[in-house]
Amino acid sequence: MNDDRTPVENDFSGNGGAVIQAGVIQGNVSLRAVTDVPLPSPRQLPPATKGFVDREVHIQQLDSLLDEVELVTDRAELPVVTISTISGSAGVGKTALAVHWAHRVRDRFPDGDIYINLRGYDAVPPLTPHEALDGFLRAMDVPAEKIPRDLNGRAALYRSLTTGRKMLVLLDNAASAEQVRPLLPASPGCMVIITSRSRLSGLVVRDGAIRAVLDVLSSQDATRLLVKTIGSERVDRERDSVARLVELCSRLPLALRIVADRACLDEDISLADLVQELTAEESRLDALAVEDDELSAVRTVFSWSYKALDSGTARVFRLIGLHPGVDIALDAAASLTGLAPPAVRRHLESLVGLHLLARSGPNRYRLHDLLKLYAVERAKLDESAEALQDAREALLRWYLRHTYAAYRAILPQGRPLPGLDDPPRQELDQALRWCEQERLNLLDIIRAGPEWGQHELGWEIALAGMAFFERRSYWRAWVDSHLTGLQCARHAGDRLAEGWLLLSLGDAWWDRGDFDEALRSYTESLAVARDVEDLWTLGFALRGCGLVYEDRGNFAEATRYAREALHTFSRMGEERGVGLALMSLGHALRGAGRLVEALASYADAMEIFKRLGNRWSEGFVELHRGQTLLRAGDHPAALTALTAAIDLFGELSDRRHVALAQSYAGDAYLALDERRAAREAFTGALLTLLELDDPLAAEVQRRLADVEWEGAEREANLGDSDE
């Protein structure tokens, strides 16, 4: 063998994201990847509370913990994350303390700070760890398509991204240790602050959390809070009244701030007058108090503050309490109250100024959970049953209108919802942006439908939300919303809606790879569609069953279902459905080894998609034609089809299917003994699939490794022959 060879240099440079170990590579290979500029480190802390009264003992405790984190990190002594829990009753100032301290020290966490409200004790269901991790990963610049679908995968990726970083994680309003545990980073340089009404003993026992229990303010600190907010002169002038106000507010910071705001708004009113008003209101509301009701402690203060509102602002306050989600948009509040946006904004800003409402973002507002409960209570007392029904229906219709507009933008060829006017044309980016803003509210709104007796609106919003949930791979939300929608449709006795929801639910299960649940939903959808003679649902449910049988390798059943779907779509003149059924038939025939028939089916499908101008479906036909021609041994024709698929998917920015077409093109090049082109095709496909965290990457990596091994063997044999 000749050993006098030029040294091999292999260089990888650039922010490529994934590096491949591919066995022996001869020659000078240079891979240079260009990626988008990464987002800056996340800085998500909400604004600190004005006039915060230091909880000195707790501040010192947190400072000591942070000093310990930095000491441990510098010495690399203890590979654990430092956790502090702050527990206490509602309105006691847990979040104010955590946010105040976090702002003081955020410069000591150069890699960013992450904040999330876990909604543990809100009037709506808590955020799941699955949903919270989705937000964390997006904040850390992980593309949506790279976020794993399962909780374990998301938690593992989150831990990987936080490893070696110094980050502050603030988990607000946690319900339980189980909700929090998957959100804990693994890096000893990170620190986690958790607020909760629960003591979270499980985190203390199992995870070494340091517990701080926050009580109501002392009388001295409560007085200091009033000094900071209404001024020392007024406090000194009416010391006895101040002491009485402190007790009437149960020394609760939230209640004290509301009292202080009232005093600041009217400097002519004496603190003694405020005491008199509070005392009278307290006795009137005693009948509403119940044992162990957190709202009872401050209901008097809330009621007194509410009573001071003008009638219009009071109405806005109690009606926005009806919104079931985490926050409310300005336009949604306008719809709920029947006011024009400028008018409702004036009322909302008045409520913000009185600390009865908080801004959660541009044109978005949030009620504190105790105030939300009180607002609902006032709505039931001060609004007629008819007015409540009208407000709730108006809110649901607002959500239906916007969700349906997004549906039509995301799926312009999708089936229109019956009885609804086609919405004004909307750009895709605008539709997706609105859906992301309302994502956490959509499930709460859908659940509210049956609770409010609005079953038709409930299933309509569920179906309209499908396009967004599918596009962004929010599988859990897709399934949960459709299960609620299904209950609504059945309660309303709407069989057509029931069949459609079952079909869409089957699609969700199939996309998640749960073929048993998918087949069950598709089969139920078939039965309902036949019963009500809904040919559209019938055709797509038949096709869905065929997809499941194809994935299971039962090509005879897959062929039967595809032919029946084709017949159904042909009867109703549904051209797109005919094309999709022909494509499914081609898959099934190819799986059964009937390649000539499969190619004929693909050709018929292509003719339809070209006529419809459906470029995406054209790309799929070319992809599957290429695979079929590979099996038939016609490698030049296969390469032509696969190259066309690469071009079509590239035109549509569908990177995943570009990669799949590249991987099959690699097989075609290999069969044509064009090994360098095969290596390039496999490498390009693998880089994309690794970046997308696609499970098919493992198979492509194996095929690339085989090419490299065979190439190395060939080089070795050539070297032996030279000796």
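Every chain begins its residue count from 1, and numbering advances along the sequence as written. Per-residue local features are limited, in this predicted model, to residues with pLDDT of at least 70; the limit for side-chain atom pairs, both in listing and counting, is 80 or more; totals at the level of whole chains, interfaces and linings are taken over all residues. Remark: hydrogens and water are excluded; side-chain values derive from all non-hydrogen atoms of the structure.

## Considerations on the pattern of salt bridges
And then number 1: Each salt bridge in this description consists of a side-chain nitrogen of Lys or Arg and a carboxyl oxygen of Asp or Glu lying within 4 Å of one another. Under the criterion given, the structure shown has 40 salt bridges.
And then number 2: Linking Asp-113 and Arg-106 is a salt bridge whose minimum nitrogen-to-oxygen distance equals 3.2 Å.
And then number 3: Asp-327 serves as the salt-bridge partner of Arg-364, at 3.1 Å between the closest nitrogen and oxygen. One end of the pair, Arg-364, is in strand E10 (residues 364–366); the other, Asp-327, is in the loop between helix H13 (311–320) and strand E8 (328–329), with 37 residues separating them in the sequence.
And then number 4: It is possible to trace a salt-bridge network through shared partners that takes in Arg-490, Arg-495, Glu-498, Glu-517, Arg-520, Glu-524 and Asp-531. Numbering goes from the N terminus for both helices and strands, where a helix is a DSSP run of H or I of at least four residues and a strand is a run of E of at least two.

## Topic: the environment of Ser-570
And then number 1: Within the secondary structure, Ser-570 is located in helix H24 (residues 555–572).
And then number 2: Any residue under 20% of the maximum accessible area for its type is buried, any over 50% is exposed, and the rest in between are partly exposed; the area is computed with a 1.4 Å probe on protein chains only. Given the relative accessible area of 46%, Ser-570 is considered partly exposed.
And then number 3: Taking the C-alpha atoms as reference points, Ser-570 and Gly-539, 31 residues apart in sequence, are found 9.5 Å from one another.
And then number 4: For Ser-570, the side chain forms a polar contact with the main-chain oxygen of Leu-566, separated by 2.8 Å. Here a polar contact is taken to be a pair of N or O atoms separated by no more than 3.5 Å, where protein atoms must pair a possible hydrogen donor with a possible acceptor and residues adjacent in sequence count only if both atoms sit in side chains.

## Quick look at the sheet that holds strand E4 (residues 113–117)
And then number 1: Should DSSP find at least two bridges between two strands, the strands are regarded as paired. Within the open sheet, the five strands sit side by side as E4-E5-E6-E3-E7. Their pairing is parallel. Two strands in the sheet have a free side with no partner beyond their single neighbour: E4 and strand E7 (210–213). Between one strand and the next, the sheet's axes are offset by a mean angle of 15°, whatever the strand orientation.
And then number 2: In the sheet, strand E3 (residues 82–87) pairs with strand E6 (residues 191–196) via six bridges, with the strands oriented parallel. Looking at E6, one finds that Ser-87 is bridged to Ser-196. Helix axes are fitted only over the stretch in contact, all axes being lines through C-alpha atoms; the angle between N-to-C directions runs from 0 to 180 degrees.

## Thoughts on the packing of aromatic side chains
And then number 1: Two aromatic rings from Phe, Tyr or Trp, using only the six-membered ring of Trp, form a pair when their centres are within 6.5 Å; if the ring planes differ by under 30 degrees the pair is stacked, by over 60 it is edge-to-face, and anything between is tilted. Taken as a whole and judged by the stated rule, the model has 16 aromatic pairs.
And then number 2: The interplanar angle of 45° and the centroid separation of 5.9 Å between the aromatic rings of Tyr-306 and Phe-317 together place this pair among those described as tilted. On the criterion of sequence distance, the pair formed by Tyr-306 in helix H12 (residues 296–307) and Phe-317 in helix H13 is long-range, its members being 11 residues apart.
And then number 3: Residue class for Tyr-306 comes out buried when judged on its relative accessible area of 9%.
And then number 4: Considering the side-chain rings of Tyr-306 and Tyr-374, the 6.1 Å spacing of their centres and the 85° angle between planes classify their relative orientation as edge-to-face. With Tyr-306 in helix H12 and Tyr-374 in helix H16 (residues 369–382), the pair connects residues that are 68 residues apart, well separated along the chain.
And then number 5: Here a set of aromatic residues connected by ring pairs shows up, and it is made of Trp-500, Trp-536, Phe-540 and Phe-569.
And then number 6: Two conditions define a charge located above a ring, namely a distance within 6 Å from the ring centre to NZ of Lys or CZ of Arg, and an angle within 35 degrees of the ring normal. Taking the ring centre of Trp-500 as reference, the NZ or CZ of Arg-415 above it sits at 4.8 Å.

## Some details on the packing of H13 against helix H14 (residues 330–337)
And then number 1: Interhelical geometry of H13 versus H14 gives an angle of 105° and a closest axis separation of 10 Å. In terms of orientation, H13 lies roughly perpendicular with respect to H14. Contacts from Arg-315, Val-316, Leu-319 and Ile-320 of H13 reach H14 at Ala-333, Leu-336 and Thr-337.
And then number 2: When residue character is reported, Ala, Val, Leu, Ile, Met, Phe, Trp, Tyr, Cys and Pro are called nonpolar, Asp, Glu, Lys and Arg charged, and the others, Gly included, polar. The residue makeup of the contact of H13 with H14, split by class, is five nonpolar, one polar and one charged. Roughly parallel refers to an angle under 35 degrees, roughly antiparallel to one over 145, roughly perpendicular to one between 65 and 115, and oblique to any angle outside these ranges. A contact between two residues is defined here by any heavy atoms of the two lying within 4.5 Å.

## What about the environment of Ser-160?
And then number 1: Mapped onto the elements of the fold, Ser-160 is located in helix H4 (residues 151–162).
And then number 2: Put simply, Ser-160 and Ala-186 are 26 residues apart on the chain and 8.0 Å apart in space, counted from C-alpha to C-alpha.

## So, unusual backbone geometry
And then number 1: With a phi close to 60°, Asn-173 is a non-glycine residue in the positive phi region.
And then number 2: Inspection of the secondary structure assignment puts Asn-173 in strand E5 (residues 168–174).

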